[in-house]
Amino acid sequence: LSMDGDMNTRDVLIAARGLIAREEDWSSLGPRGVRQGQRCAAIAINDCGFAGDGALRVFAETIGSDSIGEWNDTHSHADVLAAFDRAIASLGNG
């Protein structure tokens, strides 16, 4: 986190990845299929704070799609975590 406590884009991506790190916390069923406590990649990013817009942009660039939800729903949990790892790495060490 930055000195003033605000999350930057990298922090948001790290936190969002943490929210879905366990497969049982991740959903690939779209919004209607999400059970209590589950999130897709886009929801995880949105749930992690103010820098979410920048994080959504970086994630979308990483996966090559503006439709993060659709991409999430057609890829495996491992693919989604790997995409988070690539997006985080693309931003350097913070």
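Cut-offs applied
Residues numbered from 1 in each chain as written. Predicted model: local features only at pLDDT ≥ 70, side-chain atom pairs only at ≥ 80, totals over all residues. Heavy atoms only, no water. Helix = DSSP H or I, 4+ residues; strand = E, 2+ residues; numbered from the N terminus. Areas by Shrake-Rupley, 256 points an atom, 1.4 Å probe, with all protein chains shown as cover. Salt bridge = Lys/Arg side-chain N within 4 Å of Asp/Glu carboxyl O. Buried < 20%, exposed > 50% of the residue type's maximum accessible area, 1.4 Å probe, protein only. Contact = heavy atoms within 4.5 Å. Core = buried A, V, L, I, M, F, W, Y, C linked by side-chain atoms within 4.5 Å. Expected span 1.5 Å × (residues − 1). Arc of directions from axis to C-beta.

Draft legend 1. Molecular detail of the overall build of the protein. Check the secondary structure of the protein and you find five helices and zero strands. Starting at the N terminus, the α and β elements of the protein follow one another as α-α-α-α-α. For the protein, the accessible area works out to roughly 5,400 Å², and carbon and sulfur atoms hold 50% of it.

Draft legend 2. Inspection of the pattern of salt bridges at higher detail. Considering all chains together, one arrives at five salt bridges under this definition. Between Asp25 and Arg22 there is a salt bridge, and its shortest N-O distance comes to 2.9 Å. The salt bridge partner of Asp47 is Arg39, with a shortest N-O separation of 2.8 Å. Here Asp47 falls in the partly exposed class, since its relative accessible area comes to 47%. With a relative accessible area of 21%, Arg39 lands in the partly exposed category. Each of Arg22, Glu24 and Asp25 takes part in a single network of salt bridges with overlapping partners.

Draft legend 3. How the structure looks around the environment of Phe84. On the secondary structure map, Phe84 appears in helix H5 (residues 77–90). Separated by 22 residues in the primary sequence, Phe84 and Thr62 have C-alpha atoms spaced 8.3 Å apart. Leave out the neighbours within four places in its chain, and Phe84 touches Leu13, Ala16, Arg17, Ile20, Ala41, Ile45 and Phe59.

Draft legend 4. Representation of the side chain of Asn72 within the structure. Looking at where Asn72 falls in the secondary structure, it is placed in helix H4 (residues 68–73). Asn72 has contacts with Trp26, Ser27, Ser28, Cys40, Ala41 and Val80, leaving out every residue within four places of it along the chain.

Draft legend 5. Layout of the nonpolar core. Of all hydrophobic cores here, the largest spans 25 residues; its most connected members are Leu13, Ile20, Ile45, Phe59, Ile68, Val80 and Phe84. Looking at this core, the elements with two or more residues in it are helix H1 (9–19), helix H2 (41–46), helix H3 (52–63), H4 and H5. Apart from the residues within four sequence positions on either side, Ile68 is in contact with Ala41, Ala42, Leu56, Phe59, Ala60 and Ile63.

Draft legend 6. Spotlight on H5. Between its first and last C-alpha atoms H5 spans 20 Å; for 14 residues at 1.5 Å apiece the expected length is 20 Å, and the two agree. Listed as buried for H5 are His77, Val80, Leu81, Ala83, Phe84, Ala87 and Ile88. The arc that holds the buried residues of H5, viewed along the axis, is 155 degrees, so those residues lie on one side. Exposed residues on H5 whose side chains face more than 90 degrees from its buried face are Ala78 and Ala89. After H5 finishes, the residue Gly92 shows a positive phi value of roughly 75 degrees.

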